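Each chain, letter by letter, is given below.
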Amino acid sequence: MRIEEELKLDFKDVLIRPKRSTLKSRVEVDLMREFTFYHSKKIWSGVPIIAANMDHTGTFQVAAVLHKHKLLTALNKFASMKEWQVFIEQHSAAKNYTFVSSGTKEEDFLNLKTILAKVDIPFICLDIANGYSQHFIDFVKKTREAFPEKTIIAGNVVTGEMTEELILAGADIVKVGIGPGSVCTTRKKTGVGYPQLSAVIECADAAHGLKGHVCSDGGCTVPGDVAKAFAAGADFVMLGGMFAGHDECGGEIVEEGGRTFKRFYGMSSAEAMKKYQGGVAEYRSSEGKSVDVPYRGQIEHTVLDILGGIRSTCTYVGAQRLKELSKRTTFIRVTQQLNEVYSLYQVEG
């Protein structure tokens with residue numbers, strides 16, 4: 001046993017210090033990024049925000065909206081072959097902004113092969129809670145060998161050495177985050193985790209040294225957090241809770257006390273495991289929770305709000321392009337981030 005004394009930080013622990021800027025308006029800010037991926041050698045251009053591969057947010061309806069703004073969607077792994085084919089027929093241009101998701105079971109791999117044999121999707125998302133397993137590393141290698149031309153995102157991890165391990169195994173993008181998600185209870189159930197801001201900084205440094213990329217996954221609750229993730233060095237940011245509760249999302253609509261909600265749960269929750277696996281196995285516990293998220297209408301309004309917030313961040317530090325944000329960022333540690341005096345009465349508008 002050992003203790004690391006160095007302080008690790010989360011999004012709530014910092015603010016971005018403003019700097020002199022020559023930008024006159026948010027409209028001058030370019031949020032597009034272009035990446036050439038290390039293993040697949042493919043070039044991608046777009047806004048590097050990804051809807052999470054949960055069955056609520058990783059839907060074809062979400063993908064159809066997000067691709068219009070050049071954002072990405074990681075489709076949930078329970079999407080059927082027929083649904084994929086209908087989606088590609090109706091939204092052929094959207095395929096360049098979607099991921100096929102997979103777990104690490106043999107049936108997952110067979111399903112991945114079946115889908116990619118029928119539809120030409122450029123991205124693969126390999127997703128498990130514990131990316132430190134040797135089994136997962138071996139699965140990344142197996143997937144890279146089977147699909148050398150596909151761009152693979154894999155995770156989750158939170159430390160530099162495992163980021164390097166996954167890139168060397170075949171991942172183009174490493175997904176960073178253990179426990180920060182809004183419906184994740186891993187930290188509560190296991191005591192394992194890493195503050196997200198510090199995790200992104202550490203993993204981005206490791207990945208960029210190998211010409212790889214990282215995706216911050218979890219912990220963002222407001223557009224300012226998304227900006228902080230990019231400022232910390234994340235190449236991509238994955239959002240679940242911030243995209244939940246919309247028309248295009250999965251989940252049942254719930255009426256309570258005159259208000260409308262949508263059901264939202266973690267993919268390691270008891271509710272999800274009952275739905276897809278028949279229940280929680282005796283050898284494990286649930287590491288997710290179920291919540292009712294206030295109904296939020298069309299997802300496009302939220303997308304525009306997030307993009308507007310990031311553009312504003314860039315104007316505050318003088319970054320004309322999103323690529324420049326991390327180079328122009330100085331984080332300052334704070335004890336309070338927001339004035340919450342009227343938080344109980346706030347109406348978002």
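Position numbers for residues start from 1 in each chain and track the written sequence from start to end. Only residues with pLDDT of at least 70 are given local features in this predicted model, and only at 80 or more are side-chain atom pairs given and counted; all residues enter the totals for whole chains, interfaces and linings. With hydrogens and water excluded, all non-hydrogen atoms of the structure serve as input to the side-chain values.

Turning our eyes to something else, we now look at the environment of Thr315. Where helices and strands are cited, they refer to DSSP runs of H or I of at least four residues and of E of at least two residues respectively, numbered from the N terminus. For Thr315, the position within the fold is in helix H10 (residues 299-317). Along the sequence, Thr315 and Glu4 sit 311 residues apart, while their C-alpha atoms lie 37 Å from each other. Whether two residues are in contact is decided by their heavy atoms: any pair within 4.5 Å suffices. Ignoring any residue separated from it by four or fewer positions in sequence, one finds Thr315 in contact with Ser21, Leu23, Ser25, Arg26 and Val29.

Before going further, it helps to spend a moment on the environment of Gly193. Looking at the element boundaries, Gly193 is found in the loop between helix H6 (186-190) and helix H7 (196-209). It is 32 Å that separates the C-alpha atoms of Gly193 and Lys41, two residues lying 152 residues apart in sequence.

Another aspect to go through is the side chain of His69. Mapped onto the elements, His69 comes out in the loop between helix H1 (60-66) and strand E5 (72-74). One polar contact links His69 to Glu300, side chain to side chain, over a distance of 2.7 Å. In this view, His69 contacts Val47, Glu300, Val303 and Leu304; residues no more than four positions away in its chain are not counted. Within 3.5 Å is the distance limit for a polar contact, defined as a pair of N or O atoms, with the added protein rule that one can donate a hydrogen and the other accept it, and that residues adjacent in sequence qualify only through two side-chain atoms.

The next subject is the pattern of salt bridges. For this analysis, a salt bridge means a side-chain nitrogen from Lys or Arg found within 4 Å of a carboxyl oxygen belonging to Asp or Glu. Counted by the stated rule, this structure contains 11 salt bridges. With a shortest N-O distance of 3.9 Å, Lys77 and Asp108 are connected by a salt bridge. Of this pair, Lys77 sits in the loop between E5 and helix H2 (81-90) while Asp108 sits in helix H3 (residues 106-118), placing them 31 residues apart in sequence. Burial status follows relative accessibility: with a 1.4 Å probe on protein chains alone, a residue under 20% of its type maximum counts as buried, one over 50% as exposed, and anything between as partly exposed. Lys77 sits in the partly exposed class, given a relative accessible area of 35%. A salt bridge links Lys142 to Glu106; its shortest N-O distance comes to 3.1 Å. With Lys142 in helix H4 (residues 134-146) and Glu106 in helix H3, the pair connects residues that are 36 residues apart, well separated along the chain. Its relative accessible area of 31% is what places Lys142 among the partly exposed residues. A cluster of three or more residues bridged by salt bridges with shared partners is formed by Lys95, Asp120 and Lys150.

The next point concerns the layout of surface pockets. Any empty space left between atoms is shown by rolling a water-sized probe over those atoms. Empty space within the second largest pocket amounts to approximately 450 Å³. In this analysis the probe radius is 1.4 Å and the grid spacing 1 Å, with only protein atoms considered; a cavity is a set of points the probe fits into but cannot get out of, a pocket is an open set with protein on both sides within 12 Å along at least five of seven lines, and lining residues have an atom within 4 Å of a point. Surrounding the second largest pocket, 19 residues form its lining, Gly224, Ala227, Gly309, Thr313 and Tyr316 being those nearest its centre. Elements with a minimum of two residues in the lining of the second largest pocket: strand E1 (14-16), helix H8 (223-231) and H10. Here the lining of the second largest pocket gets six residues from one element, more than from any other, and that element is H10. When residue character is reported, Ala, Val, Leu, Ile, Met, Phe, Trp, Tyr, Cys and Pro are called nonpolar, Asp, Glu, Lys and Arg charged, and the others, Gly included, polar. Its residues assigned to classes, the lining of the second largest pocket shows eight nonpolar, six polar and five charged. Grid points are joined across faces, edges and corners, and a volume is the space filled by probe spheres set on the points.

With that out of the way, let us pick up the packing of aromatic side chains. Only rings of Phe, Tyr and Trp enter the pairing, Trp through its six-membered ring, and a pair is recorded when the two centres are within 6.5 Å. The plane angle decides the type: under 30 degrees is stacked, over 60 is edge-to-face, the rest tilted. In total, this model carries 13 aromatic pairs according to the counting rule given. Ring centres of Phe35 and Phe37 lie 6.3 Å apart, and the angle between their planes is 40°; this geometry places the pair in the tilted category. Overall, Phe37 belongs to the buried group, its relative accessible area being 1%. Summarising the aromatic geometry, the rings of Trp44 and Tyr97 are spaced 6.3 Å apart at their centres and angled 75° between planes, so their arrangement reads as edge-to-face. One end of the pair, Trp44, is in strand E3 (residues 43-46); the other, Tyr97, is in the loop between H2 and strand E6 (98-102), and 53 residues separate them in sequence. Here Trp44 falls in the buried class, since its relative accessible area comes to 6%. By relative accessible area, which is 12% here, Tyr97 ends up buried. Cluster of aromatic residues (ring-pair linked, three or more members): Phe35, Phe37, Trp44, Tyr97, Phe99, Phe123 and Phe236. Lysine and arginine charges are scored as sitting over a ring when NZ or CZ, respectively, is within 6 Å of the ring centre and within 35 degrees of the ring normal. Across the ring face of Phe109, the terminal group of Lys142 is positioned such that the distance to the ring centre comes to 4.3 Å.

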